[in-house]
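Structure assessment
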Amino acid sequence: MNLERLPNEEKLSLCRKYYLGGFALLPFLWLVNVVWFFKEAFVKPPFTEQTLIKTYVKRSALGLSFWVAVLTTWITIYQHYRSQWGEVGDRLSFTIPLGTP
Amino acid sequence: MDLLSHNWIVYLTICLFFTGVSCNSMENKIYINLNYTMPCVRLLNATHQIGCQSSLSGDVGVLHVLESEDNLDLVLRSGLHPPYMVILETPLFTRSIMMKLKSGSKRVAGVAVVEPSANPPQGFSPHTKCPNENTGVYSENYGPSLAHCNTTEWNPLGNGLSYEDFDFPIFSLKDDNDTQVIRQCYMDHNRALNGSDPQYPLCAMQLFSHMSAVTNTATCMRRNSISFSISPEMVCDPLSDYNIWAPVKPLNTTEKGHKAGESVVIASARLDSRSFFSDIAPGAESAASGLVTLLAAAHALRNATQEAQLNRTIFYTFFHGETFDYIGSSRMVFDMERNQFPIDLDNIHSVLEIGQVGLLSNSKLWLHTDPVSRRNSSIEEEVKNLITNLQAAANGLNVSVEEPAATQPLPPASFHRFLLARPFPGVVIEDHSSSFTNKYYQSMYDNPEYLNLLFPPDLTPEEQLNHISDTAKSLTEVATLVARALFVQAGGEKSQISTIKADELTVSRMLYSFLISSNNSWIQEIISPEHVGHLNNKTTNFYISVLDQTSLPALLVKQMLANLTGITVNVTEEDCRNQRENKDDTESQHLYKYLWVQGAAAPNGTQREGFCIRSTVSWSKALSPAFELEDYTSSIYSTWTESRWKKIKGRIFLVASHDLEMLTLGVGIGVLLTSLLLTYIISSKVDILFSSGREPTSATY
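For chain B, the name recorded in an unreviewed UniProt entry is Nicastrin, with Cyprinodon variegatus as its organism. The annotation that UniProt attaches to chain B under Subcellular location (unreviewed entry) is "Membrane".

Looking at an unreviewed UniProt entry, one finds chain A named Gamma-secretase subunit PEN-2, with Cyprinodon variegatus as its source organism. UniProt annotates chain A under Sequence similarities (unreviewed entry) with the comment "Belongs to the PEN-2 family." What the UniProt record of chain A gives under Subcellular location (unreviewed entry) is the line "Golgi apparatus, Golgi stack membrane".

**Things to note about the overall build of chain A**
Secondary structure assignment for chain A yields four helices and zero strands. Relative to a compact globule of 101 residues, whose C-alpha radius of gyration would be 13 Å, chain A shows 19 Å and is clearly more extended. Across its three principal directions, the C-alpha atoms of chain A cover 60 × 20 × 20 Å. Taken across its 101 residues, chain A has 31% of its residues classed as buried. A total of about 6,700 Å² of accessible surface is found on chain A, and carbon and sulfur atoms cover 68% of it. Averaged over its 11 positive side-chain charges, chain A has a centre that lies 4 Å from the centre of its 7 negative ones.

**Things to note about the packing of aromatic side chains**
All names here are of chain B. Under the counting rule described, the total for this entry stands at 34 aromatic pairs over all chains. Look at Trp 245 and Phe 315: their rings are 5.5 Å apart centre to centre, the planes differ by 15°, and that puts the pair in the stacked class. Of the two residues, Trp 245 sits in strand 12 (residues 240-247) while Phe 315 sits in strand 14 (residues 313-319), which places them 70 residues apart along the sequence. Through successive ring pairs, a cluster of aromatic residues spans Phe 93, Phe 124, Phe 166, Phe 168, Phe 276, Phe 277, Tyr 440, Tyr 445 and Tyr 450.

**Focus on the sheet that holds strand 12 of chain B**
All names here are of chain B. Overall, mixed pairing links the eight strands, which are arranged 17-16-18-15-13-14-12-22 in an open sheet. If you trace the sheet from one side to the other, it starts and ends with strand 17 (400-402) and strand 22 (618-623), each paired once. Strand-to-strand twist of the sheet, defined as the mean angle between neighbouring strand axes without regard to direction, takes the value 25°. In this structure, strand 12 lies alongside strand 22, joined through six bridges in antiparallel fashion. By the bridge assignment, Asp 241 is partnered in strand 22 with Ala 622.

**So, the interface of chain B and chain A**
Across the boundary between the two partners, chain B contributes 18 residues, which contact 16 residues of chain A. Surface buried jointly by chain B and chain A totals about 1,300 Å² across both partners, of which 60% is contributed by carbon and sulfur atoms. In this assembly, chain B and chain A are joined by two salt bridges. Between Arg222(B) and Asp90(A) there is a salt bridge whose closest N-O contact spans 2.8 Å. On the surface where chain B and chain A come into contact, there are five residue pairs in polar contact (both at pLDDT 80 or more). Elements represented by at least two residues in the side of chain B that touches chain A include exactly strand 10 (202-211) and helix 5 (217-225) of chain B.

**Notes on the pairing of strand 4 (residues 49-52) of chain B**
Residues and elements named next belong to chain B. Neither face of strand 4 is exposed, since Gln 49 and Gly 51 on one face and Ile 50 and Cys 52 on the opposite face are all buried. Where strand 3 (residues 43-44) and strand 4 come together, two bridges link them in antiparallel fashion. Bridging across to strand 4, Leu 43 finds its partner in Ile 50. In textbook terms, the turn of a hairpin is the stretch between consecutive antiparallel strands, and for strand 3 and strand 4 this stretch comprises four residues.

**Quick notes on the pattern of salt bridges**
Residues and elements named next belong to chain B. Considering all chains together, one arrives at 28 salt bridges over all chains under this definition. A salt bridge links Arg 577 to Glu 573; the nearest nitrogen and oxygen atoms lie 3.0 Å apart. Pair noted here: Arg 577 and Glu 573 are both in helix 15 (residues 573-577), with a separation of four residues, about one helical turn. Relative accessible area serves as the criterion here: at 39%, Arg 577 is assigned to the partly exposed category. What you see here is one network of salt bridges that share partners, running through Arg 374, Glu 380, Lys 384 and Glu 403.

**Some points on the packing of helix 12 (residues 504-515) of chain B against helix 14 (residues 552-565) of chain B**
Residue and element names in this part refer to chain B. Relative to each other, helix 12 and helix 14 sit at 165°, their axes nearing to 11 Å. The orientation of helix 12 relative to helix 14 falls into the category roughly antiparallel. For the pair helix 12 and helix 14, the crossing hand works out as right-handed. In contact with Thr 506, Met 510, Ser 513 and Phe 514 of helix 12, helix 14 contributes Pro 553, Leu 556, Val 557, Met 560 and Leu 564. Of the residues contributing to the contact of helix 12 with helix 14, the split by class is seven nonpolar, two polar and no charged.

Rules used throughout
- Residues numbered from 1 in each chain as written.
- Chains lettered and ligands numbered in written order.
- Predicted model: local features only at pLDDT ≥ 70, side-chain atom pairs only at ≥ 80, totals over all residues.
- Heavy atoms only, no water.
- UniProt positions renumbered as here; feature names shortened; annotations may be inferred.
- Helix = DSSP H or I, 4+ residues; strand = E, 2+ residues; numbered from the N terminus.
- Rg over C-alpha atoms; globule rule 2.2 N^0.38 Å.
- Buried < 20%, exposed > 50% of the residue type's maximum accessible area, 1.4 Å probe, protein only.
- Areas by Shrake-Rupley, 256 points an atom, 1.4 Å probe, with all protein chains shown as cover.
- Lys, Arg positive; Asp, Glu negative; His and termini not counted.
- Charge placed at Lys NZ, Arg CZ, Asp CG, Glu CD.
- Phe/Tyr/Trp six-rings, centres within 6.5 Å; stacked < 30°, edge-to-face > 60°.
- Pairing = 2+ DSSP bridges.
- Axes fitted to C-alpha atoms, helices over the stretch in contact; angles between N-to-C directions.
- Contact = heavy atoms within 4.5 Å.
- Buried area = accessible area lost by both parts, 1.4 Å probe.
- Salt bridge = Lys/Arg side-chain N within 4 Å of Asp/Glu carboxyl O.
- Polar contact = N/O pair within 3.5 Å; in protein donor to acceptor, adjacent residues only side chain to side chain.
- Parallel < 35°, antiparallel > 145°, perpendicular 65-115°, else oblique.
- Left-handed = near helix turned anticlockwise from the far one by under 90°.
- Nonpolar A, V, L, I, M, F, W, Y, C, P; charged D, E, K, R; others polar.

Here it is in structure tokens:
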């Protein structure tokens, strides 16, 4: 889909859908939202729906950075301590690399 | 059209064929694969991992043939081309060198040990000084002063290498063409000439032995059982095999637990050995000498025990996995305690164990007993009785028996596991009074040469099979002694024992089968047709196998014991395989086992006349109780597991210098980037470059 060819109201509704969808533990929707609507929100000359799009994109970015922070912390901790956790570590793992503690 | 497509397929196939071939030949041009590669593999127990492993993609190092210990400096410090793949001549395969390599393992890619043609005269044992230190009977609660080999170090030459963990691969190479190629490659490319450093390309070797399991048994068993992953994969298997046993009198084996009125004398030997390398476990002295003796004794007793009505039952037992913390014996005792075995501990009268008996000095055998249980007067009386019987049995034989110092503990033996359950009277027969006579305990040098199993030159394999060597003669004497002692111990008349004699020819054939080649005419006669494929022309590997597999020694002992103690019955093959004498017979299977064997080949043809053997020989699982109880951190039972692996391989090739490799890579990346840039420029200027006057097609979405 090309955003250029979409009327502004539909852009807003699309951006809103992505923003709300992100709350269903889908941070990737927020990522898409931020990347996709960044130009519309901050670069394009102003239009009526732009303020709302701006808000959604900002909030999506905020939510996204929260997720990134949480996931990075967790992955670091998990990779670092998995072998020390022993059984818990193994149960938490989907695939266990062969021949490594 | 049809023909055309047909042609196409043919062309395509030919093309693919040639591509395949040329790929192969390309690989062959680069690599020389090693034919004979025996790795050291990873084993795990409750607390540790031992053995060796490579990385997943194999470890590569520049070859360095170590000439002396001083030469190590090049590998560990001064050499300019680390990591090194060290080729060790066997005299240098010592603990001190191996530990230095282990500590400098960043500069060591791996080690290859060249098997020698002669055994090192100073002795070599990669086992510990105190075998099965923690699973024997002596502990803080039982004879604390004797625990941990405090009074007698059984294996003083033991350097413990087998129980170290190396993070690089270690392979054993036969001294043959492969090693010649390696040496030549080293001489041509890697040798420093006139003090200057060798120039690239250098000869390198790559070893693959990546192990799946890690840390300890609890971890690997847990990972075996996790089925959450997409592709659940087993990472390790418990060491396991079969104990082979046979009572001289048929016992109902279907009914488990206590047998009223039954008193048995256990005559046991161990069935396994090991060495530093997996699948090289000749165990000539440490396993074969004892089990051949017991088999010969069982054979000698066949007629005597059938004629005389003995009031006790002799129970021949061959325990598997004793090297690894008494797997077989601990399992049998465990089964007896839980009424899962045809007899229980109350049925046991006494135990006579045959240990290492192949290297007699002055024809003396030593009767080892447990000083702690002998403090009990009733046990002491029975032990004395057994010793008297053994001494009486030695009368008129070329061997004599003696007792070592009264305070000396029991050497490592299966009997420990019986004593752990309760005090039993028992004797362990060995050829050493204190420390082992065996200089090569649990090593690859514990081979037929060490047992002095020599044949005059120019003998055909058939003649070798039937040749009676001095070793066979000496073991026959020991077997006669054991048979006579067992006969008296079981309640036989002392006056009859002179008629009991072990057969030299049978002993010779057994030694040949275990130590030279199991694929011989005698074994062919007495083996079941379905097992023929297991026979080979090599020294039997006494290393225990893993769960749901049977090792060759257990199979051979089963077949030999059945033939040496059983009788031939006139039963059809079908009935024989269904464990019955005839169609209506449902009782015999509880008392006997029926084995269909190939029989001798007719002299004029290959047709064999099979027959059925009825014997009391039976087998039970030798899997450590720890795996039955799922207690993988057990300190009383063996917890040994063997890691799984995917690829065991070794190859040599020439490597270019690091700079040249980087240059090649750089040029490659450069070419890629240039071509990308060119493509971009061309596609952006496509209108100018390829202006054909066509209307550009409008983009549609």
